[in-house]
Amino acid sequence: MFIKILLANTLHNVLLTLGIVIALVGIFLISHLINLKYSKKGRSIILGVSYFISFIALVGSTVFLLWTWNFPLDQYFTNLGTNLSSVLADSIGLMVSTALVIFIALFVLKIAKLSISRLGNKPTASQKRKKTIAKLLQSVLKYGIWLITILIVLSIWGVNVGPALAGLGIAGLVIGLGAQKFINDLINGLFIIFEQHFDVGDIIETNGFRGEVTDIGLKTTKIKNWKGEVKILANGEITDVLNCSRNASIAIVDFGVAYGENIQEVIDLLNAKLPDFRKLFSDIIIEDPQCLGVMELSDSSVNLRAIAKTLNNQHYAIERNLRTFIKHILDENGIEIPFPQVVVHEAK
């Protein structure tokens, strides 16, 4: 009779446990579905409320199940309170020391980040170089400081860090043998920086991607193009690089005039008028624009070329404005800009 009662109670507890587990899963699924129906702003509020309700449900269900299975909750919480108070009394100094070490590490990293943000604001070669070196130092500091912080915290709590350091040396050797690609990325990153292949802020083209270098780390380099897309490349994959930021840029504009025009007069007219264009963009254009002459005798026009030397990577906007300026000059002087045409001869 006693065994039957015990089995009945056990079966009752098992079924109750399964029911509570299923109810908890249902609560989690419902909260997830509710979060998907709200906007991003509203979802954050609903997400916090649902997580709080789920946490309360989980804790309450756990306590209820322990009570159902006759777990001595009163004795457990009494022992927990006693042990916790004694542990806190013995460890308060260690916890304060740990918090102080972590605070100092975060403070040093924050100072390093603020220092880097103040560098490289001017687009000069020296500023770019300083910012590149600072970025590298930040990457090294981040890994180094956290490693030192972990070792100091372990030593504070009585862990012998000597064997740990020896183990790190052996582990580093093993990892180095198995992580040759990672080591290759590090070495190539150092060569990129110290041989000045490019700096932070330079416009480069590599692996079919063109953009501005926003970050150079020990392992990866980040490049952002004009559309805002960021490509992250492993330093070991950066082999062929086209650096577009070392010298001044050239704005090139090709245009055509009719075969009936006096080409030399057109060239002289443009060379007389184009210096006025520089006055409109004196902060960007380095030298007076000029018309070089005839570049091609095409089917319907004589194609000429005009150029303007600009600051680095500023030639795109100058090309657009220079085309408009040349169009106005040609229109004001009655010079024809031809369209594609075909001459047909009628047989007699």
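Okay, so let's go over this structure. The residue numbers shown here count from 1 along each chain, following its written sequence. Predicted model: local features are reported for residues with pLDDT of at least 70 only, side-chain atom pairs are reported and counted for 80 or more only, and whole-chain, interface and lining totals are derived from all residues. The basis for the side-chain values is all heavy atoms of the structure; hydrogens and waters are excluded.

What follows deals with the sheet that holds strand 7 (residues 290-297). Only strands joined by at least two bridges in the DSSP assignment are considered to pair. Think of it this way: any DSSP run of H or I at least four residues long counts as a helix, any run of E at least two long counts as a strand, and we number them from the N terminus. Strand order in the open sheet made by the 3 strands is 6-8-7, with antiparallel pairing throughout. Edge positions in the open sheet fall to strand 6 (249-257) and strand 7, since each of these has one partner strand only. Put simply, the sheet's adjacent strands are angled 30° from each other on average, direction ignored. Where strand 6 meets strand 8 (residues 302-310), 9 bridges bridge the pair, whose relative direction is antiparallel. Among the inter-strand pairings, Phe255 is bridged to a residue of strand 8, identified as Leu304. Residue contacts are counted whenever heavy atoms from the two residues lie within 4.5 Å of one another. Angles here are taken between N-to-C directions and fall from 0 to 180 degrees, while the axes themselves are lines fitted to C-alpha atoms, restricted in helices to the stretch in contact. This element, helix 7 (residues 263-280), spans strand 6, strand 7 and strand 8 of the sheet and lies at about 150° to strand 7.

Attention now moves to the nonpolar core. For this analysis, a nonpolar core means a set of buried residues of the types Ala, Val, Leu, Ile, Met, Phe, Trp, Tyr and Cys, connected via side-chain atoms within 4.5 Å. Exposure categories follow from relative accessible area, calculated using a 1.4 Å probe and restricted to protein chains: below 20% of the type maximum is buried, above 50% is exposed, and the middle band is partly exposed. Within the largest apolar cluster, 26 residues are counted, with the highest numbers of intra-cluster contacts made by Phe255, Val257, Leu270, Leu304, Ile318 and Ile326. Among the elements that line this core, the one with the most residues is helix 7, at 7 residues. Sequence-distant contacts of Ile318, defined by excluding residues within four places in its chain, comprise Ala251, Phe277, Phe281, Ile284, Ile285, Ala308 and Thr310. Formed by 12 residues, the second largest nonpolar core is a distinct cluster that contains Leu136, Val213, Ile223 and Leu233.

Next up on the list: the packing of aromatic side chains. Two rings from Phe, Tyr or Trp (for Trp, the six-membered ring) form a pair when their centres are within 6.5 Å of each other. A pair whose planes differ by under 30 degrees is stacked, one over 60 is edge-to-face, and the rest are tilted. Applying the stated criterion across every chain, the model contains 2 aromatic pairs. For the ring pair Phe277 and Phe281, a centre distance of 5.2 Å and an interplane angle of 50° mean the geometry is tilted. Taken individually, Phe277 and Phe281 each receive the classification buried, so the pair is uniform in this respect. Ring centres of Phe277 and Phe325 lie 5.3 Å apart, and the angle between their planes is 50°; on these two criteria the pair is classed as tilted. You can see Phe277 sitting in helix 7 and its partner Phe325 sitting in helix 8 (residues 315-332), a full 48 residues away along the chain. You can call Phe277 buried: its relative accessible area is 1%. Given the relative accessible area of 18%, Phe325 is considered buried. Grouping aromatic residues by their ring pairs yields a cluster made of Phe277, Phe281 and Phe325.

Here the focus is the pattern of salt bridges. Between Lys or Arg on one side and Asp or Glu on the other, a salt bridge is scored when a side-chain nitrogen of the former is within 4 Å of a carboxyl oxygen of the latter. Considering all chains together, one arrives at 7 salt bridges under this definition. Between Asp288 and Arg278 there is a salt bridge, with the nearest N and O atoms lying 3.2 Å from each other. Taken together, the residues Asp288 in the loop between helix 7 and strand 7 and Arg278 in helix 7 connect sequence positions 10 residues apart. Looking at Asp288, the relative accessible area reads 40%, which means it is partly exposed. In this structure, Lys327 and Asp331 form a salt bridge, with 2.5 Å as the shortest nitrogen-oxygen distance.

It is worth spelling out helix 7 at this point. An α-helix turns once per 3.6 residues; consequently, residues spaced three or four apart project the same way. Expected span of a helix: the number of residues minus one, times 1.5 Å. The terminal C-alpha atoms of helix 7 lie 26 Å apart, and with 18 residues this matches the ideal 26 Å at 1.5 Å per residue to within 8%. What is called the bend at a residue is the angle between a pair of axes, fitted to the seven residues leading up to and ending at it and to the seven starting from it. For helix 7, the principal kink sits at Ala272 and spans about 30°; a proline, Pro275, occurs within the next four residues. Inspection of helix 7 places Ile263, Val266, Ile267, Leu269, Leu270, Leu274 and Phe277 among the buried residues, and these make up the whole buried set. Against strand 6, strand 7, strand 8 and helix 8 lie the buried residues of helix 7. Two or three places before Gln264, at the opening of helix 7, Asn262 has a side-chain oxygen 3.2 Å from that residue's backbone nitrogen. By the criterion applied in these results, polar contacts are pairs of N or O atoms within 3.5 Å in which, for protein atoms, one can donate a hydrogen and the other can accept it, and in which residues neighboring in sequence qualify only through two side-chain atoms.

Next up on the list: the side chain of Thr98. For Thr98, the position within the fold is in helix 3 (residues 73-117). Not counting the four nearest positions on each side in its chain, Thr98 is found in contact with Val153, Ile156 and Trp157.

Let's shift gears to the side chain of Asn303. On the secondary structure map, Asn303 appears in strand 8. Residues contacting Asn303, with those up to four places away along its chain left out, are Phe255, Gly256, Gly293, Val294, Met295, Glu296 and Ser298.

To continue, consider the sheet that holds strand 5 (residues 242-243). Within the open sheet, the 5 strands sit side by side as 4-3-2-1-5. Their pairing is antiparallel. Looking at which strands have only one partner, the edges of the open sheet turn out to be strand 4 (230-234) and strand 5. Bridge count for strand 1 (residues 203-206) against strand 5 is 2 bridges, and the pairing is antiparallel. Opposite Glu205, over in strand 5, you have Leu242 as the bridge partner.

Its 18 residues give helix 8 an end-to-end C-alpha distance of 25 Å, which sits within 8% of 26 Å, the value for a rise of 1.5 Å per residue. Along helix 8, the positions that sit buried rather than exposed are His315, Ile318, Glu319, Leu322, Phe325, Ile326, Ile329 and Leu330. For helix 8, the angular spread of buried residues about the axis comes to 130°, placing them on one side. For helix 8, the exposed residues set more than 90 degrees away from the buried face come down to Arg320 and Glu332. Elements that come into contact with the buried residues of helix 8 comprise strand 6, helix 7 and strand 8. Gly334, located one to two residues past helix 8, shows a positive phi value of around 65°. This arc corresponds to the set of directions leading from the helix axis out to the C-beta atoms.

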